[in-house]
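# Architecture at a glance
Okay, here's what each chain looks like letter by letter:
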Amino acid sequence: MTGIEIGAPLAREEALKLRAGDAALISGVLYTARDAAHARLIELLDRGGELPIPITDAIIYYVGPTPAGPGRVIGSAGPTTSYRMDAYAPRLLDIGLRGMIGKGRRSPEVIAGIKRNGGVYFGAIGGAGALMARCVTAAEVVCYDDLGSEAIHRLTVKDFPVTVVIDAHGNDFYEIGVRNYAEGGMKP
Amino acid sequence: MREIKTGAIVDAVREMCIEANRELPADVADRIRAGGGAEPWPPARDTLEKLVENFEIAHREKIPICQDTGMACVFIELGQDVHLSGIPLAEAVNEGVRRGYAQGFLRKSVVADPLRRRNTGDNTPALLHVDIVPGDQMEILVAPKGFGSENMSRLAMFPPAAGERGVKDFVVETVKMAGPNPCPPIVVGVGIGGSFDRVALLAKKALLRPLDRPHSDPYYAAMEKELLERINALGIGPQGFGGLTTALGVNIETFPTHIAGLPAAVNINCHVSRHAARTL
Ligand code: SF4
């Protein structure tokens, strides 16, 4: 697999260089969170508590993996649909979250949050969880163990394949890609 | 009268939950491969190649194709000359799901209450449908259904005047609204007719028919073909990055309806369009 090699956590200057449509390979540490974990994080912020993950420059992966079978680090681990986290994402972006990995469209509020903070929204291939699990070299539960698959996990990844969907300048590859394809065979 | 012990149903359901989540049906796999070969657009070709690689890895490493191993939709056709003995049928099905999801290392994605949302921890209950049919056999089909695509499904109660055109536009519009969210390339199940509740079931059952088997009525077979062409002309493409392969197939199921109504439902499934079947 090919793509721009980037690290996680991801500095703002690095995020600013990415463009919608770029293929990227992420190596480093990702934190997982879905609906239930996001609700808890926001509730915690509302109460003035300290987040259980280092949020500055972090990349959150919207995933609820299948349990790891014998001898495996993780089960299948592809992205879940991102719009369900739209209600929470701007708040996290404003306190330092750099990137999100998921699939599907984002709300205007999330796109505004990405632009305001120099963030980035990556798309991973929905339904390719077996393929992506191969890039996960370590996985451990950080908190919210009672949520099972929805607990916050710390994943160490190597060359995790993603596409830049919404860049820090607000370009959206879901629009650009479809348009360029319709206009006929231009390079993405 | 033939006797079937419900313990056999537990075993069959357990096996099918695991198998369906690991092995993509051949008709779906073939369409994904064929789609990749036909794609003029590089991001689309690349995505479809990765999807093929993905289901091959799942098969080889015996892990789920997708991490959303779904809610277990179980369809049973029960011969009326069968006598079931042992624990009640619904309990047997749920026990099969419980064992399958535990032993197969599948994700438990069911909450006990839709608003209070505590996970049941074992992926039960199943969504069970039973039809009584002639004969002394029992056909069981397990279709784990992911909700990324389920959430993009729609239902409408049209007036009869909306006609064929109204229904077709509704199908295409539903796919367009869904865009990249349901993990395209998708499989589109369409129900037409019946009642409010029946039309949704028709759409779900449409997803169970193999993609290489068109509707037996030439009128609806032509409509399936036309809808597939219109959907793929949208250009959404695999993952929504543009391309030819937005849908792998469109299947329609119909039922008689009331003089005042024209119900229509669209049940979207993703490329991980899974099911396994057994006859007891
Ligand atoms: S929509 Fe299908 S492919 Fe996508 S995450 Fe859900 S089950 Fe997997």
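Residues numbered from 1 in each chain as written. Chains lettered and ligands numbered in written order. Predicted model: local features only at pLDDT ≥ 70, side-chain atom pairs only at ≥ 80, totals over all residues. Heavy atoms only, no water.

## Examining the overall build of chain A
What counts here: In this text, helices come from DSSP runs of H or I with a minimum length of four residues, and strands from runs of E with a minimum of two, each type numbered from the N-terminal end. Each radius of gyration is computed over the set of C-alpha atoms, and the globule rule expresses the reference value as 2.2 Å times the number of residues to the power 0.38. Buried residues are those whose accessible area, probed at 1.4 Å on protein chains only, stays under 20% of the maximum for their type, while exposed residues exceed 50% and partly exposed ones sit between those limits. Contacts are assigned to residue pairs that have any heavy atoms within 4.5 Å of one another. For every accessible area listed, the method is Shrake-Rupley and the probe measures 1.4 Å; residues are considered covered only by the protein chains on display. Counted as positive: Lys and Arg. Counted as negative: Asp and Glu, with His and the chain ends omitted from the count. Each charge is placed at NZ for Lys, CZ for Arg, CG for Asp and CD for Glu.
Across its full length, chain A holds six helices and seven strands. The order of α-helices and β-strands along chain A, N terminus first, is β-α-β-α-β-α-β-α-β-α-β-β-α. A compact globule built from 188 residues should have a C-alpha radius of gyration of about 16 Å, and chain A, at 16 Å, falls within 12% of that. For chain A, the spread of C-alpha atoms along the three principal axes comes to 50 × 40 × 25 Å. Per-residue burial over chain A gives 57% buried out of 188 residues. Considering only contacts within chain A whose residues lie at least 6 apart along the sequence, 63% involve residues at least 24 apart. Accessible area for chain A stands at about 7,300 Å²; split by element, carbon and sulfur atoms hold 51% of it. Across chain A, the mean location of the 20 positive side-chain charges is 3 Å away from that of the 21 negative side-chain charges.

## Section: the packing of aromatic side chains
Filter applied, for reference: Pairing of aromatic rings covers Phe, Tyr and the six-membered ring of Trp, with a centre-to-centre limit of 6.5 Å; geometry is then stacked below 30 degrees between planes, edge-to-face above 60, and tilted otherwise.
Here the structure, examined in full by the defined rule, presents six aromatic pairs over all chains. For the pair A:Y61 and A:F160, a centre-to-centre distance of 5.1 Å together with 70 degrees between the ring planes defines the contact as edge-to-face. Of this pair, A:Y61 sits in strand 3 (residues 59-61) while A:F160 sits in strand 7 (residues 152-166), and the two are 99 residues apart along the sequence. For the residue pair A:Y61 and A:F160, the accessibility class agrees, reading buried in each case. Ring centres 5.1 Å apart and planes at 45 degrees place the aromatic pair A:F173 and B:F241 in the tilted group. Taken together, the positions of A:F173 in helix 6 (residues 173-184) and B:F241 in the loop between helix 8 (218-232) and strand 8 (247-257) put the pair across two chains.

## Observations regarding the site of the ligand
This is how the line gets drawn: Residues are classed as near a molecule or strand on a simple rule: at least one heavy atom within 4 Å of it. Classification convention: Asp, Glu, Lys, Arg as charged; Ala, Val, Leu, Ile, Met, Phe, Trp, Tyr, Cys, Pro as nonpolar; all other residues, Gly among them, as polar. Segmentation into domains, and thus their bounds, comes from an automatic or database assignment.
The ligand sits among 13 residues. The nearest are A:G127, B:C66, B:C183, B:C270 and B:R274. In this structure, the ligand is bordered by residues of chains A and B. The class makeup of the residues in the shell around the ligand is five nonpolar, five polar and three charged. Taken together, domain 1 (2-21 + 65-145) and domain 2 (148-274) of chain B each give at least three residues to the shell around the ligand, which thus spans both.

## Focus: the interface of chain A and chain B
Rule in force here: Summed over both partners, the accessible surface that disappears when two parts come together, traced with a 1.4 Å probe, is what is meant by buried area. Any carboxyl oxygen of Asp or Glu that lies within 4 Å of a side-chain nitrogen of Lys or Arg is treated as forming a salt bridge with it. We call two N or O atoms a polar contact when they sit within 3.5 Å, provided that within protein one can donate a hydrogen and the other can accept it, with sequence-adjacent residues counted only if both atoms are side-chain atoms.
Tallying the contact residues gives 42 residues for chain A and 43 residues for chain B. Across the chain A/chain B interface, buried area totals approximately 3,300 Å², and carbon plus sulfur atoms make up 62% of it. Linking chain A with chain B are two salt bridges. B:E61 is paired through a salt bridge with A:R134; the nearest N and O atoms lie 2.9 Å apart. There are 18 residue pairs in polar contact (both at pLDDT 80 or more) connecting chain A and chain B. At the level of elements, helix 5 (129-133), strand 7 and helix 6 of chain A are the ones that each hand at least two residues to the side of chain A that touches chain B. Of all the elements, helix 6 of chain A adds the most residues to the side of chain A that touches chain B, at six residues.

## Regarding the packing of helix 1 (residues 6-22) of chain B against helix 4 (residues 89-103) of chain B
Residue and element names in this part refer to chain B. So the rule is basically this: Here the axes come from fitting lines to C-alpha atoms, over the contacting stretch only for helices, and the angles between their N-to-C directions go from 0 to 180 degrees. Angles below 35 degrees are treated as roughly parallel, those above 145 as roughly antiparallel, those between 65 and 115 as roughly perpendicular, and all remaining angles as oblique. A clockwise turn of the near helix away from the far one marks a right-handed crossing, whereas an anticlockwise turn of less than a right angle marks a left-handed crossing.
Relative to each other, helix 1 and helix 4 sit at 40 degrees, their axes nearing to 7 Å. On the basis of the axis angle, helix 1 is oblique to helix 4. Considering only the axes of helix 1 and helix 4, their crossing is right-handed. Listed contacts from helix 4 to T6, I9, V10, D11, V13, R14, C17, I18 and N21 of helix 1 are L89, A92, V93, E95, G96, V97, R99, G100, Y101 and Q103. Its residues assigned to classes, the contact of helix 1 with helix 4 comprises 10 nonpolar, five polar and four charged.

## Here we look at the domain arrangement of chain B
Residue and element names in this part refer to chain B. Taken as a whole, chain B is organised into domain 1 (2-21 + 65-145) and domain 2 (148-274). Between domain 1 and domain 2, the C-alpha centre-to-centre distance is 26 Å. Taken together, the contact between domain 1 and domain 2 spans 15 residues of the former and 13 residues of the latter. Of the roughly 1,000 Å² buried between domain 1 and domain 2 on both sides combined, carbon and sulfur atoms contribute 61%. Sorting the residues of domain 1 by area buried against domain 2 places F75, P144 and K145 first, and these three jointly supply 49% of that buried surface. Between domain 1 and domain 2 we count two salt bridges in total. Here D131 and K205 are joined by a salt bridge, their closest N and O atoms 2.8 Å apart. Applying the counting rule to domain 1 against domain 2 returns six residue pairs in polar contact (both at pLDDT 80 or more). Elements with a minimum of two residues in the side of domain 1 that touches domain 2: helix 1, strand 2 (71-79), strand 4 (127-133) and strand 5 (138-145).

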